[in-house]
Amino acid sequence: MIWRNIENIAPRTFVCGFCRNLVGSGRGYYTDNSSPKDISVHLCPYCYRPSLFIEGKQYPGISPGSPVLKLPKDIDSLYEEARMATAAGAYTSAVLTCRKLLMNVAVSQGAAENLSFYSYVEHLSQKGYIPPNGKGWVDHIRKRGNEATHEIVLMSQSDAEELITFSEMLLKFIFEFPSRVPQK
Ligand SMILES: [Zn+2]
């Protein structure tokens, strides 16, 4: 793949939001001095995709967590959506998506439909998917999930990242690790 009409610009080192490699790039576009904002586009030398920088902020940002293998399609979509929302700075959306994700995971593990978020997290806990020292986590997640739904409380980056970390751990326990055990 070859980009046309690309200029040499002041190089920048960054973690590419697409391929997550740490790269240095001096190829792309920049604005002239008449612009009120510091804006540039840098091409990743690894995956060739363009990242946009506006006044030091990077788009797309770096999505937290890692992909999880062997997920059912719907659950994979929700998990990736929560990660992308966080990368885009849409933290409240990410928290709400994680909440929906955890509800779907609980239903996939035998919980009834149309229960409260509290019941779903409780279900996962009772099924043994939450590690012995994870009770504090469960209470925290439960509180976060409820806040985002019932009141207008905007969620922060750390709220979204915490929930994604928790979801990633659960998804690995429930879906990925069992598939790595040799089948009899
Ligand atoms: Zn890249």
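Residues numbered from 1 in each chain as written. Predicted model: local features only at pLDDT ≥ 70, side-chain atom pairs only at ≥ 80, totals over all residues.

Under an unreviewed UniProt entry, the chain has the name DUF4145 domain-containing protein and belongs to Nitrosomonas ureae.

Asker: In this structure, what is going on with the packing of helix 2 (residues 91–108) against helix 3 (residues 117–126)? I would like to understand it.
Answerer: Angle between the axes and distance between the axes: these two values describe a pair of packed helices. Between helix 2 and helix 3, the least distance of the axes is 9 Å, while the angle of their chain directions is 55 degrees. Taken together, helix 2 and helix 3 sit at an angle that is classed as oblique. Relative to helix 3, helix 2 is oriented so that their crossing is left-handed. In contact with R99, L102, M103, V105 and A106 of helix 2, helix 3 contributes F117, Y120, V121, H123 and L124. Residues belonging to the contact of helix 2 with helix 3 are distributed by class as follows: eight nonpolar, one polar and one charged. (Axes fitted to C-alpha atoms, helices over the stretch in contact; angles between N-to-C directions. Helix = DSSP H or I, 4+ residues; strand = E, 2+ residues; numbered from the N terminus. Parallel < 35°, antiparallel > 145°, perpendicular 65-115°, else oblique. Left-handed = near helix turned anticlockwise from the far one by under 90°. Contact = placed C-beta atoms within 7 Å. Nonpolar A, V, L, I, M, F, W, Y, C, P; charged D, E, K, R; others polar.)

Asker: Just to check I follow, could you spell out helix 1 (residues 73–87) for this structure?
Answerer: Look at helix 1: 21 Å from first C-alpha to last across 15 residues, which is about the 21 Å you get at 1.5 Å a residue. Three or more residues of helix 1 are buried, namely I75, L78, Y79, A82, R83, A85 and T86. In an axial view of helix 1, the angular spread of the buried residues amounts to 165 degrees, which keeps them on one side of the axis. Turned more than 90 degrees off the buried face of helix 1, the exposed positions are K73 and D74. If you follow the buried residues of helix 1, they end up packed against helix 2 and helix 5 (157–180). Directly after helix 1, the chain includes G89, whose backbone phi takes a positive value near 85 degrees. (Expected span 1.5 Å × (residues − 1). Buried ≥ 20, exposed ≤ 12 C-beta atoms within 10 Å, placed from the backbone. Arc of directions from axis to C-beta.)

Asker: Even after reading the chapter, I still don't get unusual backbone geometry, so can you show me in this structure?
Answerer: In most cases, non-glycine residues show a negative phi, while peptide bonds are predominantly trans. With an omega of -10 degrees, the peptide bond running from Y59 to P60 counts as cis. Position of P60 relative to the elements: it lies in the loop between strand 5 (57–59) and helix 1. The phi dihedral of Y48 falls on the positive side, at around 70 degrees, and the residue is not glycine. Summarising the element assignment, Y48 is placed in the loop between strand 3 (39–43) and strand 4 (50–54). Positioned with a positive phi, K70 is a non-glycine residue whose angle comes to about 65 degrees. Considering the arrangement of structural elements, one finds K70 in the loop between strand 5 and helix 1. A tally of 14 C-beta atoms within 10 Å means that K70 is categorised as partly exposed.

Asker: Just checking my understanding: could you explain the packing of helix 1 against helix 2 for this structure?
Answerer: Running from amino to carboxyl end, helix 1 crosses helix 2 at an angle of 160 degrees, the nearest separation of the two axes being 8 Å. Between helix 1 and helix 2, the interaxial angle falls into the category roughly antiparallel. The way helix 1 lies across helix 2 gives a crossing that is left-handed. Across the interface between the two elements, D74, I75, L78, Y79, E81, A82, A85 and T86 from helix 1 touch Y91, S93, A94, T97, C98, K100, L101, N104, V105 and S108 from helix 2. Tallied by class, the residues present in the contact of helix 1 with helix 2 amount to ten nonpolar, five polar and three charged.

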